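# Tertiary structure, described
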Amino acid sequence: MMDQATRERMDTLVSKGTAYHQRFEFIDNLKWPDGARIAVNFTADFDAMLYRRILNEPALQLAKGEFGGRVGIWRLIELFDSHDIKATIFTPGRICELYPQALQRAVASGHELADHMWEHQVPREAALEADHLQKSLAALSAIRGKPISGTRSGHTNSLVRQCGLFYNSHTPAGHLPHYIADRTGQNALLSLPFHYAIDDAQFYTFGWLGSDNPAQRMSDPDRVLEMWWAAFVQQYNKGGYLNVCLHPYVSGRALRIEMLDQFIRRMKKLPGVWFATCEDTARHCVTQHPPRRLTA
Amino acid sequence: MPWKTNYTISDEVSLRDGEIAWPDHNRCCFNVVVDLSLASGPQGLVPSDLTSTDAVFAMRDGLTGLLDVLAAHKIAATFAVPAAMANIFPKAIEDVLRRGHEIAAEGLFHEDVSQLAPEDERARMQAATDILTEITGSRPAGWYDLPRHKDKFAGRA
């Protein structure tokens, strides 16, 4: 028999665990436009080391990020344009002050600008959090010339919805797009899932400040290509979704741009691959597959 | 073997190669064991281990993917399940059983019992066995538990 404390521990686990998992709603029989087998979202997190600046890291670390703003973002835009792929650039608001020309070029090419937090962090205090998101959206929509639709952040669902956004691409709860309600069980928001295994920074980040030698990652791009290809093929065969998370300061390096070019060429050889922005993918989901159990 | 106290960690006896014969003259026995739990510290599962999007992935798409690939290869696996997980996810346990796999016990909370008093450990084994027997309909035959005391890779302490 369990003693009182053990029984209470079990009851707490069951009630909290059950309640959390009920905040998720998955889409049954998800169908893509025009009978596509898979939707592929190329996304770039254009943070250019803003967070490292906030952490007051030394100049060399900041310089790595600035390469992304000066060179990497341009190379990614040119790569996507050469394949006529529309990507989503998740951009912190302050990047609009630092690299406006790159963002204008992205917009001119038809890429989506979406929020990635004003300064790459979400303040805990509610009023400040709202101020950050509103500033970021104002800066981004001024460059875009139209409203922003989504975010990649831990911003709270209610605020995100109040600001007119209808998706978040920040968490890995499933392979396919799904809905997540907040703690109150309300304000369900579409989630376009990504996973760290399909994130360039997990394979190519070298010398993260304070990390020890085994934490250094400098992967062979061919190896990363084969891993990402396997993820694509599994979802393609099942009918699914792939969200590729890139960072201009990481994937903007020449050898990795070349690897991405090969990755895209391989995918394009197969029929039924829908290369879409997160915005178009999310709009399809919320209009064709709205939540049934959760409330928005 | 009292002289072994604090010297080796168990009284296990191993068979050498060639000393075992498998049914039907099979040359090799291959077990797939799935740890149907979530990353936790030595104290076992706490609410924050369950309330993450990784946990949602694990218990839905992750589990489904494993069940499908095992079915494709006609492999019956052993799922090591903490009693708490069976209480929280009875539907997952039902799926695992329906597809022909074994449920073994993995503690009451996936806790490290090596630092518990023997009577506490006994009570937890009994409670875990009772819970799993009730949910699965049969008494678990196996017990999975790793001593992780002082293991810095064991997750949240």
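Structure: above.
Calculation criteria
Counting starts from 1 at the beginning of each chain's written sequence and moves along it residue by residue. Chain A is the first chain written and ligand 1 is the first ligand written, with later ones labelled in order. In view of the model being predicted, local features appear only for residues whose pLDDT reaches at least 70, and side-chain atom pairs are presented and counted only at 80 or more, with totals across whole chains, interfaces and linings using the full set of residues. A run of H or I in DSSP counts as a helix once it spans at least four residues, and a run of E counts as a strand once it spans at least two, with each numbered from the N terminus. Computation of the radius of gyration draws on C-alpha atoms alone. For the globule rule, the value is 2.2 Å times the number of residues to the power 0.38. Every C-beta atom is placed from the backbone, and the number of other C-beta atoms within 10 Å of a residue's own sets its class: buried at 20 or more, exposed at 12 or fewer, partly exposed in between. By the convention adopted here, residues make contact when the C-beta atoms placed from their backbones lie within 7 Å. Only when DSSP finds a minimum of two bridges between them are two strands counted as paired. Only the stretch in contact is used when a helix axis is fitted, and all axes are lines through C-alpha atoms; the angle between N-to-C directions ranges over 0 to 180 degrees. Roughly parallel here means an angle under 35 degrees, roughly antiparallel means over 145, roughly perpendicular means 65 to 115, and every remaining angle is called oblique. Each residue is assigned to one class: nonpolar for Ala, Val, Leu, Ile, Met, Phe, Trp, Tyr, Cys and Pro, charged for Asp, Glu, Lys and Arg, and polar for all the others, Gly among them. Under the convention used throughout, the expected extent of a helix is 1.5 Å for every residue step, that is, one less than its residue count. Note: the arc covers the axis-to-C-beta directions of the helix.

For chain B, the helix and strand inventory stands at five helices and three strands. Taken over the C-alpha atoms alone, chain B extends approximately 50 × 45 × 30 Å along its principal axes.

Tallying secondary structure elements over chain A gives 12 helices and 10 strands in all. Taken over the C-alpha trace, chain A has a radius of gyration of 20 Å; the compact-globule value for 296 residues is 19 Å, and the two agree within 12%. Overall, the C-alpha framework of chain A stretches about 60 × 50 × 45 Å when taken along its three principal axes. Looking at chain A residue by residue over its 296 residues, the buried ones come to 42%. Looking at chain A alone, contacts between residues at least 24 apart form 73% of all its contacts between residues at least 6 apart.

Turning next to the pairing of strand β2 (residues 38–45) of chain A. All names here are of chain A. Burial of β2 is extensive: eight of the eight residues sit out of reach of the surface. Burial of the side chains of β2 extends over both faces: I38, V40, F42 and A44 are buried on one face and A39, N41, T43 and D45 on the other. By the bridge criterion, seven bridges tie β2 to strand β9 (residues 240–246) in an arrangement that is parallel. Paired with A44 across the strands is L246, a residue of β9. As defined by bridge partners, β2 adjoins strand β10 (residues 273–275) across three bridges and the pair is classed as parallel. Residue pairing across strands places I38 opposite V273, the latter belonging to β10. One ladder, built from three bridges, connects β2 with strand β3 (residues 88–91); its direction is parallel. Residue pairing for β3: T43 is matched across the bridge by T88.

Moving on: the packing of helix α3 (residues 59–82) of chain A against helix α5 (residues 100–108) of chain A. Residues and elements named next belong to chain A. Axis separation between α3 and α5 bottoms out at 10 Å; the angle between their running directions is 5°. By the angle class used here, α3 and α5 are roughly parallel. Contact with α3, carried on its side by G69, I73, W74 and I77, involves A102, R105 and A106 of α5 and no other residues of that element. Residues that form the contact of α3 with α5 fall into these classes: five nonpolar, one polar and one charged.

Facing 17 residues of chain A, the contacting portion of chain B comprises 15 residues. Element by element, the count of residues in the side of chain A that touches chain B is highest for helix α1 (residues 4–21) of chain A, at nine residues.

Looking now at helix α6 (residues 126–144) of chain A. In an α-helix, one turn spans 3.6 residues; hence positions three or four apart end up facing the same way. All names here are of chain A. Taking 1.5 Å of rise per residue, 19 residues should cover 27 Å, and α6 covers 27 Å from first to last C-alpha, within 8% of that figure. Those residues of α6 not exposed but buried are E129, H132, L133, S136, L137, A139, L140 and R144. Around the axis of α6, the buried residues are gathered within 165° of arc, so they sit on the same side. Exposed side of α6, more than 90 degrees from the buried face: A127, L128 and A142 are the residues found there. Taken together, the buried residues of α6 touch β3, α4 (95–98), α5, β4 (112–115) and α7 (157–162). Following α6 by one or two positions, G145 adopts a phi angle in the positive range, close to 80°.

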